[in-house]
Amino acid sequence: MVIRVSTHNLSLLISLLFLITAPHAGAQSAEDSAPVRPTPRLVNGQVNLGLEPGQKGFWGSSGRIFDRRGRSHQTNLLEEELPLQPWARALLEYRKANNQKDDPHARCLPGGITRQIQTVNGFEILQHPELNRIYLVFAGGPHTWRMIHTDGRPLPDINDPGLIPTYLGYSTAHWEEDTLVVETNGFNEKTWFASGSLPSTRYLHLTERISRPDFETLRYELTVDDPGAYTQTWSGGFDVAWNWTSWDGSELGELHEYFCQDNERDVQHFLGSE
Amino acid sequence: MINSSSLLNRKTLATVFIILLGFSCPLFSQEGHPLVGSWSGDRLVNDKNTRVLVLLDLQPDQEITGTIIENGVRIPLSDVTLDPQDWSVNISAVGEDRAGNTLSYKIQGVVGNLGSATQRNITGTWDDGTDTGSFRLQRN
C-alpha cells in the first residue's frame, strides 16, 4: 500500500515532530538544564548548608510536615492521622474553621522554628564551626534569626524556674555524618510551631534532621514530641528548594528586606466563623 | 487620704506576686492548651463582686492543676475538666479561708473567644457552697 502525503502536510508533520522533540528553550533557566550540583562542603569536610563563596541564592519554597502535596514528603502523615490529644484536635479544627484568623504569625510575631523555615521570603543558614554556632536568618515575618549551639551543651530543663521560655526555644545540635541533628525545647507557647495550625504546649521537644543531598535541595525532617498536645511522638518533613533569584525576580539572588510590621493593615480584616 | 479599695488591691496584688513566685512553671500559654495560664475577674457573691485569680497548668498526663486566689487566700483545685466538644469547663476547689472555715467551690463555665490570646474568657456560674452567682474571668 502506498501512502501519499502532500507537500503541505509533510511540512506540517515535520514542524510537529520538531516541536515535540526540540529542547524547550526559554522555559527553563540555565540552572534548570544544567546537571544538579553536588553537595558543597566546608574546608573541614562538613556539609555546607548555606552559601559558597562567590555564589548567590538562598533557601526558598518548602512544604509541610504533614500531608503529601508539593515538596512535602510522601511518607508524611495526613492531617486526619495526626496523633492529637482530643483538646488539640478540637483546637486545630477551630483554627481551620476560623481561617486561622488568630494566627500569631499573621500578627507579625515570630513563627515557630519550623514555621519560619516554611515562611515565604526565604532564609539563609550561616555555619560558624569556629564559634560552635549555626545561625538561621529569616527574611519573612518579623525578620527574625535563630541560633543553634554545636558545642555539645545539653538542652535546658523546662521545669527549671530560672528558664525563660522563648518563641524559638533553645537549640543544640550535632552532626550524624552528613545530617545536622538539632534538638530544641523551652518554647513559650506564644506561637504556632509549624504551618497547618498545629497546637503545641510547653512540653514541646522538636528534633530536626537537616541534610543537603544536592546543592539545590535541603531535606528537612522533624520529629514532634509533645505529650501535652499529642498522644505519641510523630515525624514528617519536606524538601526546601534553592532560590537563584531574589524575591522580586532580579538576578541579585539575595534575601530582601521585609518587615511584617511595616504598614501592616491586614489584621483588622481577618474573618472567621465567629 | 488613703483609699481603702486601692490598699486592698495592693495587698491582693502583693499576695498574688508572692504566690506566683512559688509557681514552678511559667504561665504564658497563649497558644497552648486553652485553659493554661492566669485568669482574673469577678464573681458575684450576694450581689457583690469579688475579685478572683485562677491559675491553671497542664501536666504531661493531661491533668489540669491549679489554684484559686481570693481575698489573699490560696484555694487548690481538686478537679478541672474541659470538654473540647463545646469548650465547657468544670472546676472544683477545696480549701480554707483565713478563719479556718472550709471553702468548697464548684465552678461551671464555657470558654469564649477561644482563639484570641488577649480576649479569651470563661463565663458561667460559681457555687461557693452557700451561694451561686455568675462569674467572668479574662485571660491575662
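Because the structure is a prediction, the values reported are computed rather than measured.

(A) Inspection of the overall build of chain A at higher detail. Of the regular secondary structure elements, chain A holds four helices and nine strands. Order of helices (α) and strands (β) in chain A, N terminus to C terminus: α-α-β-α-α-β-β-β-β-β-β-β-β. Per-residue burial for chain A yields a buried fraction of 46% across its 274 residues. Sequence-distant contacts, at least 24 apart, represent 58% of the contacts inside chain A between residues at least 6 apart. Accessible area of chain A: about 14300 Å², with a carbon and sulfur share of 54%.

(B) Highlighting the pattern of salt bridges. All names here are of chain A. Applying the stated rule across the entire model yields 18 salt bridges over all chains. A salt bridge links Asp239 to Arg219; the nearest nitrogen and oxygen atoms lie 2.9 Å apart. Here the residue Asp239 occupies a position in strand β9 (residues 234–243), and Arg219 occupies one in strand β8 (residues 217–225), the gap between them amounting to 20 residues. Each of Arg64, Asp67 and Arg69 takes part in a single network of salt bridges with overlapping partners.

(C) Layout of the sheet that holds strand β5 (residues 88–96) of chain B. Spatially, eight strands are ordered β1-β2-β3-β4-β5-β6-β7-β8 (chain B) in a closed barrel, and the strand pairing comes out antiparallel. Strand-to-strand twist in this sheet, taken as the mean axis angle between neighbours without regard to direction, amounts to 30 degrees.

(D) Expanded view of the pairing of strand β2 (residues 123–128) of chain A. All names here are of chain A. Of the pairings in the sheet, the one linking β2 to strand β3 (residues 133–138) comprises six bridges and is antiparallel in character. In the sheet register, His128 faces β3, and the bridge partner there is Arg133. In sequence, β2 turns back onto β3 through a hairpin of four residues, with Asn132 there showing a positive phi of about 55 degrees.

(E) Structural detail: helix α3 (residues 86–97) of chain A. Under the 1.5 Å per step criterion, the end-to-end length of α3 of chain A is 16 Å for 12 residues, consistent within 8% with the ideal 16 Å. Along α3 of chain A, the residues that are buried comprise Trp87, Ala88, Ala90, Leu91, Leu92, Tyr94 and Arg95 of chain A. In this structure, the buried side of α3 of chain A is in contact with β2 (48–58) and β4 (73–83) of chain B. The first or second residue beyond α3 of chain A is Asn99 of chain A, which carries a positive phi of 60 degrees.

Reading guide: rules and limits
- Residues numbered from 1 in each chain as written.
- Chains lettered and ligands numbered in written order.
- Predicted model: local features only at pLDDT ≥ 70, side-chain atom pairs only at ≥ 80, totals over all residues.
- Heavy atoms only, no water.
- Helix = DSSP H or I, 4+ residues; strand = E, 2+ residues; numbered from the N terminus.
- Buried < 20%, exposed > 50% of the residue type's maximum accessible area, 1.4 Å probe, protein only.
- Contact = heavy atoms within 4.5 Å.
- Areas by Shrake-Rupley, 256 points an atom, 1.4 Å probe, with all protein chains shown as cover.
- Salt bridge = Lys/Arg side-chain N within 4 Å of Asp/Glu carboxyl O.
- Pairing = 2+ DSSP bridges.
- Axes fitted to C-alpha atoms, helices over the stretch in contact; angles between N-to-C directions.
- Expected span 1.5 Å × (residues − 1).

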